[in-house]
Amino acid sequence: MGDVLVGIHSTWEFDTDSMLIRFERGIRTPKLFHVLGERRIPYEALSAVELAPGGKRGTVVLRAVPRRGADPLVEAADGQLKEASDPYRLVLPAERETLADYYATELRAVLGPDAAKEADWHMVSAPAAPLSFKAYDGKAAFDGHTVSFRWFWTGASSAKWKAGDQSFSVRELEGVEWRSPDVLNGHLRLRLRGTEPPGEADQDPASVIFGLGYGLVYESLPFAASVLEAVRSVGPTAAPETEHRPTAPVRQVRSDPADIAERIRHLGELHEAGLITDEEFSAKKAELLAEL
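Residues numbered from 1 in each chain as written. Predicted model: local features only at pLDDT ≥ 70, side-chain atom pairs only at ≥ 80, totals over all residues. Heavy atoms only, no water.

### As for the overall build of the chain
A count of helical and extended segments in the chain gives seven helices and 14 strands. C-alpha extents for the chain along the principal axes are approximately 75 × 40 × 30 Å. Expressed as a percentage of the 292 residues in the chain, the buried residues total 46%. By sequence separation, contacts in the chain at least 24 residues apart represent 62% of the contacts at least 6 residues apart. Approximately 14900 Å² of the chain is accessible, and the part contributed by carbon and sulfur atoms is 51%. Taking the 34 positively charged and 45 negatively charged side chains of the chain as two groups, their mean positions are separated by 3 Å. (Helix = DSSP H or I, 4+ residues; strand = E, 2+ residues; numbered from the N terminus. Buried < 20%, exposed > 50% of the residue type's maximum accessible area, 1.4 Å probe, protein only. Contact = heavy atoms within 4.5 Å. Areas by Shrake-Rupley, 256 points an atom, 1.4 Å probe, with all protein chains shown as cover. Lys, Arg positive; Asp, Glu negative; His and termini not counted. Charge placed at Lys NZ, Arg CZ, Asp CG, Glu CD.)

Now the structure itself:
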């Protein structure tokens, strides 16, 4: 098509086999769009194109509907994104409805023959996620191969403290479960191959939980999408490089001795409450002291 359609908060640029969505960075633009920046969407990754009145008076919305499984961001979001943060919606002034209808027709004409089918692979690249983000009970980090969780003494449950900081190769994972920070019990949980998660996310060492101001959507969702893309690239039949052992802590250098002191204090509280044994207390305390 070779044209450009400028909307509110984003612009669609049409090429012969794909469209480039560029997101604005304005004050009123959803912060998720700031993180996304721009995304290349192949036409074969779309299942449908819709045109409908906008939520605000005097607007219309042109929406491209991605095929199920084609976009790791949409797959991770699992329908939880607020309408205003949907990256596949282009909001236009109502007076441009005729033009929007024209592009809707053009897009429908270039949809692939398998538009109605679930995609077998991710056709849209995951966004460049933050290397790390802070949740309520810990810090999550991802280097492209390994996801690690470091617990905060102020938020982590005794179960997570007993398990220690965690590290997971993407080869150990079969998926990622993301529950929006905007709803109750929001969390990011790694799904390990061949295992069932142990109850609630706050008790699962393979998850971090969200709270008000922690694990924000625009931080945690791109993170989840990037992990999911890496997991899918490994393939469903790949075996883990090594068996994951939850009690093996991640070795990280602590720059602030006060952090170690606080963690030891919290460990002592767990010991006094009878939640960990004398041996567990001594071992964990030694591990923390070794990080100084």
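### Things to note about the environment of L107
Summarising the element assignment, L107 is placed in helix 3 (residues 97–109). L107 sits 75 residues away from L32 along the chain, and the two C-alpha atoms are 25 Å apart.

### Topic: the nonpolar core
The biggest cluster of nonpolar side chains holds 68 residues, and the ones touching the most others in it are W12, M19, F149, L188, L190 and V227. Looking at this core element by element, the count peaks at nine residues for helix 5 (residues 217–234). (Core = buried A, V, L, I, M, F, W, Y, C linked by side-chain atoms within 4.5 Å.)

### Side note on the sheet that holds strand 7 (residues 89–93)
By way of backbone hydrogen bonds, the strands of a sheet pair with one another, either parallel or antiparallel. Read across the open sheet, the three strands follow the order 5-6-7; overall the sheet is antiparallel. Of all strands in the sheet, those bounded by a partner on one side alone are strand 5 (46–53) and strand 7. Each strand of the sheet is rotated relative to its neighbour by a mean of 15 degrees, with strand direction disregarded. Judged from the seven bridges that link them, strand 5 and strand 6 (residues 59–66) form a sheet pairing that is antiparallel. If you follow L51 over to strand 6, its bridge partner there is L62. (Pairing = 2+ DSSP bridges. Axes fitted to C-alpha atoms, helices over the stretch in contact; angles between N-to-C directions.)

### A closer look at helix 3
In this model helix 3 runs 18 Å from its N-terminal to its C-terminal C-alpha over 13 residues, within 8% of the 18 Å that 1.5 Å per residue would give. Turning to helix 3, its buried residues number three or more, namely A100, Y103, A104 and L107. Buried residues of helix 3 fall within an arc of 105 degrees about the axis and therefore sit on the same side. Facing away from the buried side of helix 3 by over 90 degrees, the exposed positions are T98 and A109. (Expected span 1.5 Å × (residues − 1). Arc of directions from axis to C-beta.)

### Observations concerning the sheet that holds strand 11 (residues 166–169)
Strand order in the open sheet formed by four strands is 8-9-10-11, and the pairing between neighbours is antiparallel. Whereas interior strands pair on both sides, the edge strands pair on one side only; in this sheet they are strand 8 (132–134) and strand 11. Pairwise comparison of adjacent strand axes, ignoring direction, gives a mean angle of 15 degrees for this sheet. Taken together, the three bridges between strand 8 and strand 9 (residues 138–142) define a ladder with antiparallel strand orientation. The residue of strand 9 that forms the bridge with S132 is A141.

### Comments concerning the confidence of the model for the chain
Here the chain shows a mean pLDDT of 88. Residues at 70 or above account for 90%. Per-residue pLDDT, averaged within each element of the chain, yields its smallest value for helix 6 (residues 257–272) (73) and its largest for helix 2 (residues 72–77) (98). A low-confidence stretch, residues 237–255 (pLDDT under 50), is modelled with 35 contacts involving residues beyond four sequence positions or located in other chains. (pLDDT = per-residue confidence, 0-100.)

### With respect to the pattern of salt bridges
Under the criterion given, the structure shown has 12 salt bridges. E75 serves as the salt-bridge partner of R232, at 2.7 Å between the closest nitrogen and oxygen. Here R232 is found in helix 5, whereas its partner E75 is found in helix 2, with 157 residues between them in sequence. Assessed through its relative accessible area of 37%, R232 is described here as partly exposed. Relative accessible area serves as the criterion here: at 28%, E75 is assigned to the partly exposed category. Between R89 and E83 there is a salt bridge, and its shortest N-O distance comes to 3.7 Å. Judged by its relative accessible area of 13%, R89 falls in the buried class. We classify E83 as exposed; its relative accessible area is 53%. Members of the salt-bridge network, linked through shared partners, are E177, R189, R191 and D204. (Salt bridge = Lys/Arg side-chain N within 4 Å of Asp/Glu carboxyl O.)

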